[in-house]
Amino acid sequence: RAEDRERYDLWGYDRKSGQWRMLVDSAKLGSNAALSEAEKMQRERARIGDLKGVVSYQWRADGQALLVPLDGALYLVSLDGTAQRIDGAAGALNPRLSAKGLFVSWVAERRLWVAPVGGGAARPVTPEEKADTVHWGEAEFVAQEEMMRMEGAWWSPDDAHIAIERFDEAPVGVVTRAAIGAAGTTTYAQRYPAAGTRNAEVRLFVMRPDGSGGVEVDLGPDKDIYLARVDWAADGKVLYVQRQNRAQTRLDMLAVDPATGKAKVLFSEEARAKSWINLSKAYRFLKDGSLIWWSERDGFGHLYHVAKGQWRQLTHGRWMVTDLVGVDEKAGQLFFAATRDDVLAQQIYALDLAHPGEPRRLTDPAFDNHASMDKAGQTLVVSRSAPVQPVQIYLADAKGTRLQWVEENRVAGDHPYAPYLPAHRPTTFGTLIAADGSTLHWRMITPVMEPGKRYPVFFQHYGGPHAQQVTRGWGGALAQAIVARGFVWFEIDNRGSANRGVDFESQIWRAMGSVEVADQKVGAEYLKSLPFVDPAKIATYGWSYGGYMTLKMLAADPGTYAAGIAGAPVTSWELYDTHYTERYLGTPAQDPKVYATSGALEEATRIRDPLLLIHGMADDNVVFENSTLLAARLQGAARPFDMMFYPGQTHRVSGPGVSVHLWEGIFAFLARNGVTPPR
């Protein structure tokens, strides 16, 4: 919204006319009601905690209306913009339309409620539990935060059944989390499954829309497992459940009879030695009962066709399929995103299911591409960008032919970036070699330089798993703004980062803060060899895992970096959650030495270079205690450092004024420590 950058309305685009129009005016229809604490936390875990207005919607099966949650109410919105409020849904959490659009379900008061869309009273279909630790129809904390699963209820394709998660947080330890604001502090007694502690007890049930005929799904004798994914067969006769063991070394695909809850294991994925199973959403159950499945069983993420117990590998090579975009079952065509042509620029490909040969690239290799598709696999919505082009979105047919722009995003005229385009500096790419021979990709942006002068470096990093930073996509305006101040901007992806295969990623197994730090140093040494870089002015910066990396880098190699900025860093992995931390480090009881060496506290007193520590004081992801522990450790050892803590801010320290304060503070810190451009 032009006058409120954090408020979202719902707009519709007419493909025939090429015109946009507002379907839901969130300021007019909404009430600005306060969100429940549960919804606030869900939004934080979805990384949309700052947003207002319409943040989600769901199409009705016939494509003629949408379910729109707004300010704790539910609306069924027609394509002409008329909105019908659904009665009894005040404070609704996790609203969902059933597959055929006959019912709408939501969570309220820790129970799942169902209402007929055509009219009729809403009613709870799950029992009222005495214990306030029991929740129905929701995803537990680690599922939301780490497993890419926000839902806890799944409608069958024929609207005849609904699968519902029930979890009990009673076994989970309580931590007191303080949200320190400018005008006061609020404390929360939060159930938080810290590494090595007990998780929530998760169960799964199947019942009819009126709550009758309920059966419990047999998830096996081991109760200490993760409910990873739940899907219905196309005909609604089988419920498929992905079950992951606590160590995340095994993933079982269960086929469940919805009438009895009985389950059998269809197949299992086993992790390689000294590795783990990565969860994915790149799979599809087909109408004939077969499955398109993503697996890293050959060392790289590829697609397989699983039919009647037989496996057929569809894609091959030392590259990664990153997403299953769509399936045209009638034509027997698959559409997927992959790094086949360039690890730095994803492309969209098509493949014949019956006779898979060489995939056909459908997108322009000059761009980094992502896409979504309609369920029938007929139309692509392609999102692409390049170092000189912000994100563009267009519609394409199944051959990749662009039909029309949705947003061309041309940087011209009144485009907000147009005034800065003449000063936009090009991005260069290159590779370096790690100690084990692995190829490391980097990207760099240099300012306008004068011959004979040397320039400081803003060395940004993330370094953690499940992320790739160096791509040929649009890097945003921030890097250009930093370069405009006279800095070289540099970033390198170390071992452990995403989209490079199992062996590359798994080198952080039981060894976080090791190879990542060594590989970042390779980047620093390369920078020092360049004639235009001032080797005494390389400042390193990172946020979250990147903030953790700043601390590990400064401690491991004093004197290598002129200064370090650590934003919201993890300092003690014992404070982080089970599913993320144990995947890489095991448990503190099993591997206490691994936790000690992987943490950032034990070696913190080795830091000699200038350090700026930044943290939001209401962070519920990397809790504020991580930074207070570090501050106390450094103060106790009489080690000087700078810090800037932000009252009321969460893991994302942001906002129009706050963001300016943050970055001006960073550059003031660098200036105080002599990390400045030449005069």
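Notes on the structure in this doc start here. Here the structure is a predicted model, which is why all the values come from computation and not from measurement.

**Things to note about helix H10 (residues 625-636)**
Owing to its 3.6 residues per turn, the α-helix aligns residues three or four sequence positions apart on the same side.
Item 1. Between its first and last C-alpha atoms H10 spans 16 Å; for 12 residues at 1.5 Å apiece the expected length is 16 Å, and the two agree.
Item 2. For H10, the complete set of buried residues consists of Asn626, Ser627, Leu630, Ala631 and Leu634. Looking straight down H10, one finds its buried side chains confined to an arc of 130 degrees; they lie on one side.
Item 3. Residues of H10 that are buried in the fold lie against helix H7 (545-556), strand E42 (611-616) and strand E43 (642-646).

**Some details on the packing of helix H6 (residues 515-528) against H7**
Item 1. It is the contact of H6 with H7, at a shortest axis distance of 10 Å, that shows an interaxial angle of 75 degrees. In terms of orientation, H6 lies roughly perpendicular with respect to H7. Two secondary-structure elements touch here, H6 through Glu516, Val517 and Gln520 and H7 through Tyr545, Met549, Lys552, Met553 and Ala556.
Item 2. Looking at side-chain class alone, the contact of H6 with H7 contains five nonpolar, one polar and two charged residues.

**Comments concerning the pairing of strand E9 (residues 93-97)**
Item 1. For E9, a buried count of four out of five residues is recorded, marking the element as mostly surrounded by other parts of the structure.
Item 2. Strand direction decides the pairing type here: E9 and strand E10 (residues 103-108), joined by three bridges, are antiparallel. Paired with arginine 96 across the strands is serine 105, a residue of E10.
Item 3. In textbook terms, the turn of a hairpin is the stretch between consecutive antiparallel strands, and for E9 and E10 this stretch comprises five residues, one of which, glycine 101, has a positive phi near 80 degrees.

**Description of the nonpolar core**
Item 1. Core analysis: the largest hydrophobic core is formed by 76 residues, its most contacted members being Phe459, Met512, Leu527 and Trp573.
Item 2. Contact partners of phenylalanine 459, with chain neighbours within four places excluded, come to Phe490, Ile492, Gln520, Gly523, Ala524, Leu527, Ile538, Ala539, Thr540, Tyr541 and Tyr561.
Item 3. Listed in part, the 25 residues of the second largest apolar core include Phe458, Ala563, Tyr646 and Ile666.

**Some thoughts on the pairing of E10**
Item 1. Of all six residues in E10, five are buried; the element is thus mostly enclosed.
Item 2. When E10 meets strand E11 (residues 111-116), the two strands line up antiparallel, connected through six bridges. The residue of E11 that forms the bridge with valine 107 is leucine 112.
Item 3. Linking two consecutive strands that pair antiparallel, namely E10 and E11, is a turn of two residues; a positive phi of about 55 degrees is found at glutamate 109 within it.

**Considerations on a nonpolar patch on the surface**
Item 1. A contiguous nonpolar surface patch, about 320 Å² in accessible area, is contributed by Trp11, Trp20 and Met22.
Item 2. The residue tryptophan 20 is located in strand E3 (residues 19-24) in this model.

**Structural notes on the packing of aromatic side chains**
Item 1. Per the counting criterion, the structure on display carries 35 aromatic pairs.
Item 2. With centroids separated by 5.7 Å and ring planes inclined at 50 degrees, the aromatic side chains of tyrosine 283 and tryptophan 293 adopt a geometry described as tilted. Of this pair, tyrosine 283 sits in the loop between strand E23 (263-270) and strand E24 (284-285) while tryptophan 293 is found in strand E25 (residues 291-295), placing the two residues 10 residues apart along the sequence.
Item 3. On the basis of an interplanar angle of 35 degrees and a centroid distance of 5.7 Å, the ring pair of tryptophan 442 and phenylalanine 490 is categorised as tilted. Here phenylalanine 490 lies in strand E39 (residues 488-492) and tryptophan 442 lies in strand E37 (residues 439-445), a separation of 48 residues in the sequence.
Item 4. Overall, the relative accessible area of 7% leaves tryptophan 442 in the buried class.
Item 5. Among the aromatic residues, those joined into a cluster by ring pairs are Trp276, Tyr462, Tyr545, Tyr548, Trp573, Tyr576, Tyr580 and Tyr584.
Item 6. Arginine 384 extends its terminal NZ or CZ atom over the ring of phenylalanine 367, reaching a point 3.7 Å from the ring centre.

What counts, and at which threshold
- Numbering of residues starts from 1 in every chain and runs along the sequence as written.
- Confidence filtering applies because this is a predicted model: local features only for residues at pLDDT of at least 70, side-chain atom pairs given and counted only at 80 or more, and all residues used for totals across whole chains, interfaces and linings.
- The side-chain numbers reported here are obtained from all heavy atoms of the structure, hydrogens and water having been left aside.
- Helical segments are the DSSP runs of H or I of at least four residues, strand segments are the runs of E of at least two, and each set is numbered from the N terminus.
- A helix is expected to reach a length of 1.5 Å times the quantity of its residues less one.
- Buried means the residue's accessible area, taken with a 1.4 Å probe over protein chains only, is under 20% of the maximum for its type, while exposed means over 50%, and partly exposed covers the values in between.
- Directions from the helix axis toward the C-beta atoms define the arc.
- Contacts are assigned to residue pairs with any non-hydrogen atoms lying within 4.5 Å of each other.
- Axes here mean lines fitted to C-alpha atoms, for a helix over just the part in contact, with angles spanning 0 to 180 degrees between N-to-C directions.
- Small angles under 35 degrees read as roughly parallel and large ones over 145 as roughly antiparallel, with 65 to 115 read as roughly perpendicular and the rest as oblique.
- The residue classification treats Ala, Val, Leu, Ile, Met, Phe, Trp, Tyr, Cys and Pro as nonpolar and Asp, Glu, Lys and Arg as charged. All others, Gly included, are polar.
- Here, strands pair whenever DSSP counts at least two bridges between them.
- Side-chain atoms within 4.5 Å are what join buried Ala, Val, Leu, Ile, Met, Phe, Trp, Tyr and Cys residues into a set we call a nonpolar core.
- Patch members must show over 30% relative accessible area and no salt bridge, and they are joined within 9 Å when carrying like charges or within 5 Å when they are nonpolar side chains of Val, Leu, Ile, Met, Phe, Trp or Tyr.
- Surface accessibility in these figures is a Shrake-Rupley result with a 1.4 Å probe; residues are shielded only by whichever protein chains are displayed.
- When a carboxyl oxygen of Asp or Glu is within 4 Å of a side-chain nitrogen of Lys or Arg, the pair counts as a salt bridge.
- Between the rings of Phe, Tyr and Trp (Trp by its six-membered ring), a pair exists once the centres lie within 6.5 Å; its type follows the angle of the planes, with under 30 degrees stacked, over 60 edge-to-face, and the other angles tilted.
- Charge-over-ring contacts are defined here by two conditions on Lys NZ or Arg CZ: a distance within 6 Å of the ring centre and an angle within 35 degrees of the ring normal.

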